[in-house]
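This is what each chain is made of:
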Amino acid sequence: MAEQTRTRWRAIATRWLGLGLAVGISVVTLGLGITGRLTLYISPESIWFACAGAVVVLAGAIWSCTLPLGVETDHGHDHGHADDESDAAASPRRALKLAGVVSAGVVASGVVVAALVLPPASLSVELAMSRADATGTLFAGADTPTLGVADTTTFGVGEWSSVFATATRPEAYDGSTVTLTGFVTPGADADAVNLTRMIITHCVIDAQPAAVPVSVDAGESGKGQFSTGQWIEVTGKVTADSDGSLRVVPTSVVEIDEPGDPYEY
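First, a word on what this report is: a plain description of the structure on this page. (Residues numbered from 1 in each chain as written. Predicted model: local features only at pLDDT ≥ 70, side-chain atom pairs only at ≥ 80, totals over all residues. Heavy atoms only, no water.)

Moving on to the overall build of the protein chain. Along the backbone of the protein chain there are 6 helices and 5 strands. In sequence order, the protein chain lays out its α and β elements as α-α-α-α-α-α-β-β-β-β-β. Evaluated residue by residue, the protein chain yields a buried proportion of 30% over its 265 residues. Taking the intrachain contacts of the protein chain between residues at least 6 apart in sequence as the baseline, contacts between residues at least 24 apart amount to 65%. If you sum the accessible surface of the protein chain, you get close to 15800 Å²; carbon and sulfur atoms cover 61% of it. (Helix = DSSP H or I, 4+ residues; strand = E, 2+ residues; numbered from the N terminus. Buried < 20%, exposed > 50% of the residue type's maximum accessible area, 1.4 Å probe, protein only. Contact = heavy atoms within 4.5 Å. Areas by Shrake-Rupley, 256 points an atom, 1.4 Å probe, with all protein chains shown as cover.)

Looking now at the pairing of strand β4 (residues 231-240). The sheet contact formed by strand β1 (residues 177-186) and β4 spans 7 bridges and is antiparallel. Each bridged residue has a counterpart across the sheet, and for T177 the counterpart in β4 is K237. Bridging between β4 and strand β5 (residues 246-255) involves 9 bridges; their strand directions are antiparallel. Looking across to β5, one finds that K237 is bridged to V249. In textbook terms, the turn of a hairpin is the stretch between consecutive antiparallel strands, and for β4 and β5 this stretch comprises 5 residues, one of which, G244, has a positive phi near 90 degrees. (Pairing = 2+ DSSP bridges.)

On to the packing of aromatic side chains. Geometrically, a pair of aromatic rings is defined through the distance of the ring centres and the angle of the planes. Enumeration according to the criterion identifies 5 aromatic pairs in this entry. Relative to F49, the ring of W48 has its centre 5.9 Å away and its plane inclined at 85 degrees; by these criteria the two rings are edge-to-face. The exposure classification of W48 matches that of F49, with both residues exposed. When the ring of W160 is compared with that of Y173, the centres are 5.9 Å apart and the planes differ by 80 degrees; the resulting orientation is edge-to-face. Of this pair, W160 sits in helix α6 (residues 157-166) while Y173 sits in the loop between α6 and β1; the two residues are 13 residues apart in sequence, bridging distant segments of the chain. Judged by its relative accessible area of 1%, W160 falls in the buried class. A relative accessible area of 9% means that Y173 is categorised as buried. (Phe/Tyr/Trp six-rings, centres within 6.5 Å; stacked < 30°, edge-to-face > 60°.)

In this model helix α2 (residues 47-64) runs 26 Å from its N-terminal to its C-terminal C-alpha over 18 residues, within 8% of the 26 Å that 1.5 Å per residue would give. When we look at burial in α2, the residues that qualify are C51, A54, A61 and S64. End-on, the buried residues of α2 take up no more than an arc of 135 degrees, which puts them together on one face. Away from its buried face, by an angle of more than 90 degrees, α2 presents the exposed residues W48, F49, V56 and W63. (Expected span 1.5 Å × (residues − 1). Arc of directions from axis to C-beta.)

For the structure shown, the criterion picks out 3 salt bridges. For E171, the salt bridge goes to R169, with nearest N and O atoms at 3.9 Å. Judged by its relative accessible area of 48%, E171 falls in the partly exposed class. Residue D241 pairs with R247 through a salt bridge whose shortest N-O separation is 2.9 Å. The partly exposed category is assigned to R247, whose relative accessible area is 27%. (Salt bridge = Lys/Arg side-chain N within 4 Å of Asp/Glu carboxyl O.)

Turning to its location among the elements, V216 is positioned in the loop between β3 (208-215) and β4. The class of V216 is buried, set by a relative accessible area of 10%. Measuring from C-alpha to C-alpha, the distance between V216 and V193 comes to 7.0 Å, with 23 residues separating the pair along the chain.

Set out below in structure tokens:
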């Protein structure tokens, strides 16, 4: 009787590690997709693929529920005395494997429960600031936009960040009008702050910060008028300084709420 109980609990645990976690992730994925919040984690182009995969997993889960409990681990146990000796020799490996499975199950279960309970949230300002010095120029290589040819009025923070970092003829952009949204991070110069946005290629794992310097009033308030992490909409013009550097000189700065889709792609 005790052996049957242990076998049943092992079967339940096995089904949870496989079927239960997959169903949990699928439900979370579909829920975020339906509510339009899946863009907090992946690029819009990947949403259809993620949701389609979740539907396939749920269909497979429904079919799997028709199988008797324990069939996943029922491989037969009548192997004779030689197999018993082999099993005894393999017991340390089994113990190590069990420890690994339990550890992975706890971690995976925690991730699923957190996804079900915690509200979706965008990447933090602290993450953007921590990655600011660890990443190279965005849109390098195959993803390089045709800077100087494309209509710069369509550029976001990511494209302008690349222009500011790589332009060989900065005077060509002098006077360009911009309307950009992002959150405030500290600037390198005393008279500027950075307008920052997280750029995603596929999902939040590959997210990189992009930033453009925005001049601030050198009066009494200075940088103090901008709080780190505050989302703002900046309207102004790009100015090329005598040293070849570019910056945005704002004509208006409006504080806004974090947009529903806080990333650029």
